[in-house]
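Observations on the three-dimensional arrangement
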There are 2 protein chains.
Amino acid sequence: MNLQKLFYPKSLAIIGASNTPGKLGYNVLKNLIDHGFEGKLYPVNPRGGLVQGIRSYTSVSDIEDKVDAAVTIVPAAITPDVVEECFSRGIEFVTVEAAGFGELGARGKEIEQKLKNLVKEYNCHILGPNCSGIINVNNGLCQPIGLVGDLRPGNIGLIAQAGVYASGILWGLRNVMDFSMIATIGNKIDIDETDMLEFMGSDPSIKVIAMYLEDIRRGERFLDVARDISSHKPIIVLKGGRTEEGKAKAVTHTAAIGGSRQSYEAVFDEAGIIQARDNDHLFDLARGFSKQPRPSTDKVMVITYSGSQGITATDTLSEMGCGLADLDKPTRESMKEHIPDLVATINPADLTFDQNPEQVRRIMEIAARDENVGGIMANLQPEILNSYVEKMKDIDTNGKTVVFSVTGREFAMDGVIGLEALGFPVYSTPERASEILATMHRHSINNFKPRDPKVFQVDRGKVSRVLAVARKMGMTTVGGFGAFQILKAYGIPVAECYMARTPEEAEELCSSIDGPLAFKIESSKVLHKSDMGGVELGVTEDFESAFIKIIDRVMARSPDLMRKDIDGVLIQPMMGGGKEVLIGSTYEQAIGCHIIKFGLGGKYTEIFGDVSNGVAPLDEERAKNMVRNTKYIGRLLEGQRGEDPYDIVAVVDALMRFSQLVRDFPEIREIEANPFLVWNNGGVVIDARFAVVSQETESLVCEDSETVKEAA
Amino acid sequence: MNLQKLFYPKSLAIIGASNTPGKLGYNVLKNLIDHGFEGKLYPVNPRGGLVQGIRSYTSVSDIEDKVDAAVTIVPAAITPDVVEECFSRGIEFVTVEAAGFGELGARGKEIEQKLKNLVKEYNCHILGPNCSGIINVNNGLCQPIGLVGDLRPGNIGLIAQAGVYASGILWGLRNVMDFSMIATIGNKIDIDETDMLEFMGSDPSIKVIAMYLEDIRRGERFLDVARDISSHKPIIVLKGGRTEEGKAKAVTHTAAIGGSRQSYEAVFDEAGIIQARDNDHLFDLARGFSKQPRPSTDKVMVITYSGSQGITATDTLSEMGCGLADLDKPTRESMKEHIPDLVATINPADLTFDQNPEQVRRIMEIAARDENVGGIMANLQPEILNSYVEKMKDIDTNGKTVVFSVTGREFAMDGVIGLEALGFPVYSTPERASEILATMHRHSINNFKPRDPKVFQVDRGKVSRVLAVARKMGMTTVGGFGAFQILKAYGIPVAECYMARTPEEAEELCSSIDGPLAFKIESSKVLHKSDMGGVELGVTEDFESAFIKIIDRVMARSPDLMRKDIDGVLIQPMMGGGKEVLIGSTYEQAIGCHIIKFGLGGKYTEIFGDVSNGVAPLDEERAKNMVRNTKYIGRLLEGQRGEDPYDIVAVVDALMRFSQLVRDFPEIREIEANPFLVWNNGGVVIDARFAVVSQETESLVCEDSETVKEAA
């Protein structure tokens with residue numbers, strides 16, 4: 001989708017333009033006039049005449065000229081007619097700013113469907129509805145429904161689902177942040193965040209992109225686009241709506257461990273996106289990237305007038321993996337001239353209350369010439385902030401990253417605005433300034449490698465057949481033998497496994513299997529096998545009794561369970577000596593991605609919740625990173641306290657094969673392979689379960705996976 | 001210590017008072033004059049004459065009147081003489097504001113020692129050195145070395161180690177925060193944070209106390225005082241200097257797991273103190289508590305003009321354990337009149353861009369009358385913030401907690417200052433406002449119970465003897481049999497344990513012990529038994545060979561180890577089936593407290609780092625909380641996935657006994673009992689090690705604890 005005409009229309013119709021101050025249709029036209037829109041304006045108003053001094057038209061059809069784009073601020077109910085009129089008159093882009101659509105429920109969704117149909121029919125495009133349009137500072141295209149003050153052209157691109165980002169939030173922010181373009185996307189029935197991102201990514205005026213998102217459509221495409229851009233242009237995202245609703249709907253334990261929040265984080269990580277905690281953080285980061293180069297090293301020169309604020313800055317730097325710069329001897333010597341005798345350290349340089357702008361400037365310039373210094377954080381005094389502005393005007397920072405902190409910043413905004421205009425971001429605490437510097441450094445290390453997933457030789461036909469059988473039987477989960485068949489078809493090693501339907505069968509089977517055995521009830525009605533007494537471990541004799549004991553115990557604990565609901569008992573040789581891990585996947589409908597999960601497996605999976613997430617497809621590097629990114633299990637697999645290392649290669653291989661499986665069969669919505677028992681050499685899946693999409697039935701079954709060894 | 005004369009002196013000498021603007025001695029006197037100090041001022045200046053229009057004295061001895069207190073701003077080197085002159089003239093309190101003391105190293109520490117000696121000799125008191133004195137807004141006592149603008153009397157007490165809190169930081173803050181007293185304590189060679197806390201705790205003008213601390217002296221006293229106060233007056237602490245230096249010095253693994261940061265957190269938790277993340281957070285919290293009542297319920301009414309900001313507020317409330325209030329039907333109905341039709345929910349009430357002050361006020365008043373509502377968070381528009389001030393003047397909030405958020409707050413400070421003056425704290429994001437509200441609610445639930453530790457019947461004499469023997473041998477650690485003797489003397493159950501010095505002894509011993517055995521090398525030179533191959537588990541036969549194998553393997557891996565360094569092999573029956581926990585303790589010199597630790601034990605203790613901390617002495621409730629406060633092991637002990645619960649009572653009993661042990665023998669600086677194996681009924685310590693204070697030797701030995709069962 002080429003959005004050139006949306007951002008750079010030569011002519012623009014404003015449908016619903018008004019002469020009445022306070023009306024939204026007044027504001028939109030007023031904004032366009034005040035910001036000096038470089039194209040031609042065509043106000044449309046049923047009454048006709050002059051609107052804000054410009055000749056208006058009673059309908060779009062009356063406009064004789066060719067028009068590139070339109071904005072409509074008419075009620076939801078008549079919007080489809082207006083949009084159709086635009087499209088049929090050759091207007092390719094219509095921005096629908098009115099609210100009252102899908103966000104209000106069924107009736108609004110109906111209207112949205114009509115709009116979607118028009119988009120298809122005419123092959124034209126809609127921005128919104130329920131948005132505040134676009135601001136392009138470069139050509140004065142300023143469409144918000146709230147009045148917007150003067151904007152200086154800058155290098156920040158902002159994309160937001162919420163209209164407030166194009167008006168209310170700008171009210172003060174425009175004093176310290178310089179935007180190139182702002183796009184609000186609202187209900188995004190057509191043009192979405194990915195389209196906007198792609199456009200801003202390719203625009204050379206934009207150096208950093210900030211986004212406020214509540215969800216992502218077309219996750220895979222978003223990821224591809226964002227990944228491309230973030231390698232050369234930082235993208236910062238604030239994700240609103242961090243609820244964990246997804247959890248309640250999860251079918252397997254795997255899906256329940258990491259909510260959709262973790263999946264979003266996995267997508268953002270994979271895309272090289274920086275995640276903001278809140279609005280302040282979003283804009284603090286954006287200002288840093290917008291105004292300063294990224295630090296060349298992780299070592300920082302800290303200047304302060306207060307020892308305590310030097311300490312908190314140092315704390316933060318060290319917590320973020322950066323540190324204080326060790327200065328060269330010549331640096332230290334020339335710096336000493338400017339530092340009071342009463343101060344114990346050169347870095348942080350505590351200049352005490354006597355700190356003055358000239359002194360700070362000198363020390364900054366000396367520090368900037370030391371190659372050990374990647375960035376400079378100077379803590380300035382709010383009382384005299386204005387006097388810093390003049391001194392910083394022609395400072396030579398030698399390409400080093402400079403950030404300032406001012407405790408009491410909000411009371412010294414004149415000075416802040418002055419320093420920001422010179423290109424120095426000013427933050428409210430030394431901690432925040434240090435954190436931004438450290439984040440900028442982290443992002444300057446671009447270690448992105450294109451995804452290069454292996455393609456394994458697999459037996460797709462086999463999997464298709466298993467899934468087809470399940471579908472035919474109305475099953476939405478596949479466990480036991482079916483699950484093992486799927487795994488085997490994809491070259492994933494599985495444990496030996498036998499099914500006994502009667503005590504006698506158990507006796508007969510077991511007499512031919514060596515070693516202690518695990519007995520586990522097999523019934524789609526028993527959700528938590530272990531909790532319900534459906535598991536016996538280490539069975540070595542008297543197999544008939546063990547079979548009967550399990551059935552009796554489970555039935556005693558589940559009054560509604562019938563004997564016919566129990567298929568029998570699954571028998572597996574006990575295996576030990578390894579580490580139990582979990583491999584799983586979940587399809588995130590809201591994002592449109594399969595997320596692969598890896599973590600500490602076994603009986604206590606949910607207690608430890610030690611899971612890392614990756615976006616399918618995984619290549620080897622990414623699969624390895626997933627193992628590394630866990631809190632515990634990755635380190636345990638390395639072999640601790642004199643142990644030999646466990647077979648991480650086997651884990652990585654399995655992760656890649658799972659990733660190929662869910663890409664080949666998108667109908668697999670969840671997988672939990674737990675435990676996958678990993679030895680020093682090799683490993684096997686001991687229990688696995690799949691959830692698949694089925695339209696026939698909605699009764700999804702949740703089943704625990706069990707371990708056949710004692711937890712390691 | 002009664003600080004009445006320090007805060008309310010009737011007469012005050014200012015030694016080093018100056019006529020030269022810019023000098024510190026000028027600023028101190030100027031502050032006192034400008035703030036209308038209600039006592040008599042006696043400037044002291046060697047030149048005499050008028051200082052800032054007040055008759056001065058060439059020395060303290062020249063002052064004929066009785067003087068209550070003095071401030072000195074003379075160089076460090078002559079400070080002891082000046083202080084002695086004051087003390088000998090009957091001045092009880094001297095505030096030493098000059099820097100150049102202990103913070104600069106040995107020379108400065110010498111001067112401080114002189115000052116300390118004077119304090120003892122004269123039984124008088126020093127505040128500082130290296131501080132910015134005291135501000136008491138109630139009597140105009142304003143001593144900072146930086147000029148301070150007008151202060152309105154308020155209800156906040158502020159205690160800070162750093163002088164900047166009494167000047168630079170106040171510069172803007174005084175516009176939105178109203179203090180009663182501010183005390184800076186600097187190097188606190190005499191008067192410290194606890195003295196100040198005690199004074200402000202008992203002052204009825206103070207409603208909330210904010211503190212900036214880098215360390216705590218006299219931790220136990222601090223805890224007692226803070227605990228008393230925090231039950232009726234919130235205390236908020238920002239702890240600077242969050243470094244983990246302590247870790248490097250730790251002797252046992254236990255001490256290495258939680259750094260001093262965790263110990264501080266344990267002390268603050270025990271004291272009911274709220275911990276701030278940074279300066280902004282400290283003052284945001286203080287403003288909330290200062291201006292508003294604490295919420296009566298955890299349910300909040302959210303008002304916003306932007307859906308996205310309603311979402312982020314809701315996210316934060318839910319993350320903090322609060323939520324949106326379910327409004328009563330009448331409330332919803334009267335509220336609907338004021339909410340636009342286009343909005344889907346009543347709470348959050350999204351008033352869209354049309355939000356106006358009258359409407360917000362109406363909705364607030366309706367919400368305040370609903371008993372489901374504990375607090376109200378309203379997100380205001382910065383563009384029109386001034387217009388809210390008038391509307392909020394006589395609003396009836398019915399005793400509910402009200403906080404505001406203004407995105408772009410820093411650009412609307414006039415309105416912010418107006419609202420703050422009305423008693424409404426205004427925060428920069430909906431997230432922050434919601435977080436403060438939630439924290440205020442959390443603190444309104446005062447569940448403090450006085451500590452009531454059990455006193456167990458123990459054999460103190462036995463422990464004294466073991467420790468005496470160790471001291472005599474120059475040992476700084478006690479492990480093996482010695483450690484077991486100490487534990488037994490305090491009624492803590494320990495595992496069976498035998499020592500074999502030769503292969504033959506091993507053979508003989510083992511023939512009389514049942515079941516599989518654990519063999520572990522016993523040598524003070526082998527630091528990591530497991531890693532060095534010094535452990536064999538599950539030995540059932542051929543005991544001589546097992547003994548030899550261990551010795552050979554360890555010696556092969558440790559080229560410098562001599563056979564004579566190895567005492568032999570420790571033999572224990574293998575025990576299984578339980579959960580491995582860790583109990584430990586560490587003495588925090590910087591705080592002056594024994595911290596008891598409880599966590600997930602066994603081989604992987606450090607990997608999981610799952611430890612909770614408590615301050616000795618522990619009573620039953622607090623010991624139980626320690627078990628509960630772990631991330632994993634507390635839940636595992638409850639019995640998961642069909643397991644019977646483990647014997648938490650035995651754990652709690654042991655924790656209390658350890659707590660009594662370290663209180664009885666403060667020379668025990670660290671303990672690690674790991675694993676303590678807990679069964680469904682009872683438990684035993686399988687390995688333990690003590691570190692004790694010894695002046696004879698500094699070569700502390702670090703030794704791993706080992707498990708005699710396979711990790712559970």
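Residues numbered from 1 in each chain as written. Chains lettered and ligands numbered in written order. Predicted model: local features only at pLDDT ≥ 70, side-chain atom pairs only at ≥ 80, totals over all residues. Heavy atoms only, no water.

A word on the interface of chain B and chain A. Opposite the 76 residues of chain B that make contact, chain A presents 75 residues. Summing both sides of the interface, chain B and chain A together bury roughly 6,300 Å²; the carbon and sulfur share of this comes to 59%. The tally of links from chain B across to chain A stands at six salt bridges. Arg261 of chain A is the salt-bridge partner of Glu319 of chain B, the closest N and O atoms lying 3.2 Å from each other. (Contact = heavy atoms within 4.5 Å. Buried area = accessible area lost by both parts, 1.4 Å probe. Salt bridge = Lys/Arg side-chain N within 4 Å of Asp/Glu carboxyl O.)

So, about the pairing of strand E25 (residues 568-573) of chain B. Look at any regular strand and the pattern is simple: side chains alternate between the two faces of the sheet. Residue and element names in this part refer to chain B. Burial of E25 is extensive: six of the six residues sit out of reach of the surface. Alignment of strand E23 (residues 517-522) against E25, held across six bridges, turns out to be antiparallel. Bridging from a neighbouring strand, Ile521 pairs with Val569 of E25. (Buried < 20%, exposed > 50% of the residue type's maximum accessible area, 1.4 Å probe, protein only. Helix = DSSP H or I, 4+ residues; strand = E, 2+ residues; numbered from the N terminus. Pairing = 2+ DSSP bridges.)

Residue and element names in this part refer to chain A. Strand order in the open sheet formed by five strands is E2-E1-E5-E6-E7, and the pairing between neighbours is parallel. Both edges of this open sheet fall to strand E2 (40-44) and strand E7 (125-127), since each of them pairs with a single strand only. Averaged over neighbouring strand pairs, the angle between their axes works out to 20° when direction is ignored. Summarising the sheet, strand E1 (residues 11-15) and strand E5 (residues 69-72) pair through four bridges and their orientation is parallel. Across the sheet, the residue bridging to Ile14 is Val71, located in E5. Sheet contacts for helix H3 (residues 79-88): E1, E5, strand E6 (93-96) and E7; angle to E6, the most-contacted strand, approximately 160°. (Axes fitted to C-alpha atoms, helices over the stretch in contact; angles between N-to-C directions.)

All names here are of chain A. Spatially, seven strands are ordered E9-E8-E11-E10-E12-E13-E14 in an open sheet, and the strand pairing comes out mixed. On the outer flanks of this sheet lie strand E9 (141-142) and strand E14 (274-276), each paired with one strand and no other. Bridging between strand E10 (residues 156-160) and strand E12 (residues 208-213) involves five bridges; their strand directions are parallel. Residue Gly157 lies in a different strand from E12, and its bridge partner there is Ile209. Packing against the sheet, helix H11 (residues 279-291) makes contact with E10, E12, strand E13 (235-239) and E14, and its axis sits at approximately 175° to E13.

Applying the stated criterion across every chain, the model contains 25 aromatic pairs over all chains. Between Phe222 of chain A and Phe268 of chain A, the aromatic rings sit 6.5 Å apart at their centres with planes inclined by 70°, giving edge-to-face as the arrangement. A residue pair is termed long-range when its members are at least 10 positions apart, and Phe222 of chain A in helix H7 (residues 219-230) and Phe268 of chain A in helix H10 (residues 260-270) qualify at 46 residues. Among the residues examined, Phe222 of chain A registers a relative accessible area of 0% and is labelled buried. Aromatic side chains Tyr632 of chain A and Phe608 of chain B sit 4.5 Å apart centroid to centroid with 45° between the ring planes, which places their arrangement in the tilted category. Within this pair, whereas Tyr632 of chain A is found in the loop between helix H23 (620-628) and helix H24 (633-637), its partner Phe608 of chain B is found in helix H22 (residues 605-608), the two belonging to separate chains. Of the two residues, Tyr632 of chain A and Phe608 of chain B, neither departs from the other in class, the shared state being buried. By the ring-pair criterion, three or more aromatic residues cluster together here, those being Phe608 and Tyr632 of chain A together with Phe608 and Tyr632 of chain B. Here the guanidinium or amino end of Arg460 of chain B rests over the ring plane of Phe665 of chain B, the centre of that ring lying 5.7 Å away. (Phe/Tyr/Trp six-rings, centres within 6.5 Å; stacked < 30°, edge-to-face > 60°. Lys NZ or Arg CZ within 6 Å of the ring centre and 35° of its normal.)

What follows covers the side chain of Ser306 of chain A. Summarising the element assignment, Ser306 of chain A is placed in the loop between strand E15 (299-304) and helix H12 (307-319). Among residues more than four places away in sequence, those in contact with Ser306 of chain A are Asp350 of chain A together with Val164 of chain B.

A word on the relation of the copies chain B and chain A. Structural alignment of chain B on chain A gives an RMSD of 0.1 Å, achieved by rotating through 180° and translating 0.1 Å along the axis. The operation mapping one copy onto its partner corresponds to a two-fold rotation axis. Every residue of chain B has its C-alpha some distance from the rotation axis, and the shortest such distance is that of Glu410 of chain B, at 2.3 Å. (Least-squares fit on C-alpha atoms with pLDDT ≥ 70 in both.)

In most cases, non-glycine residues show a negative phi, while peptide bonds are predominantly trans. All names here are of chain A. Following Asn347, the chain continues to Pro348 via a peptide bond in cis, the omega torsion being 5°. The linkage connecting Ala616 with the following residue, Pro617, adopts the cis geometry, with an omega of 5°. Here Pro617 shows up in the loop between strand E28 (611-615) and H23. One non-glycine residue with positive phi stands out, namely Thr352, at about 60°.

For the structure on display, the rule yields 82 salt bridges over all chains. As a salt-bridge pair, Asp284 of chain A and Arg432 of chain A come within 2.6 Å of each other at their nearest N and O atoms. Residue Asp284 of chain A is found in helix H11, and its partner Arg432 of chain A is found in helix H17 (residues 430-444); the two are separated by 148 residues along the sequence. Grouping residues by exposure puts Asp284 of chain A and Arg432 of chain A together as buried. Salt-bridge contacts for Arg361 of chain B lead to Glu365 of chain B; the nearest nitrogen and oxygen are separated by 3.5 Å. Here Arg361 of chain B pairs with Glu365 of chain B, and both are found in helix H14 (residues 357-368), just four residues apart, close to one helical turn. Residues Arg361 of chain B and Glu365 of chain B agree in their burial class; the two are buried. One salt-bridge network, in which partners are shared between bridges, spans Arg277, Asp284, Arg287, Lys291, Glu420, Arg432 and Glu435 of chain A.

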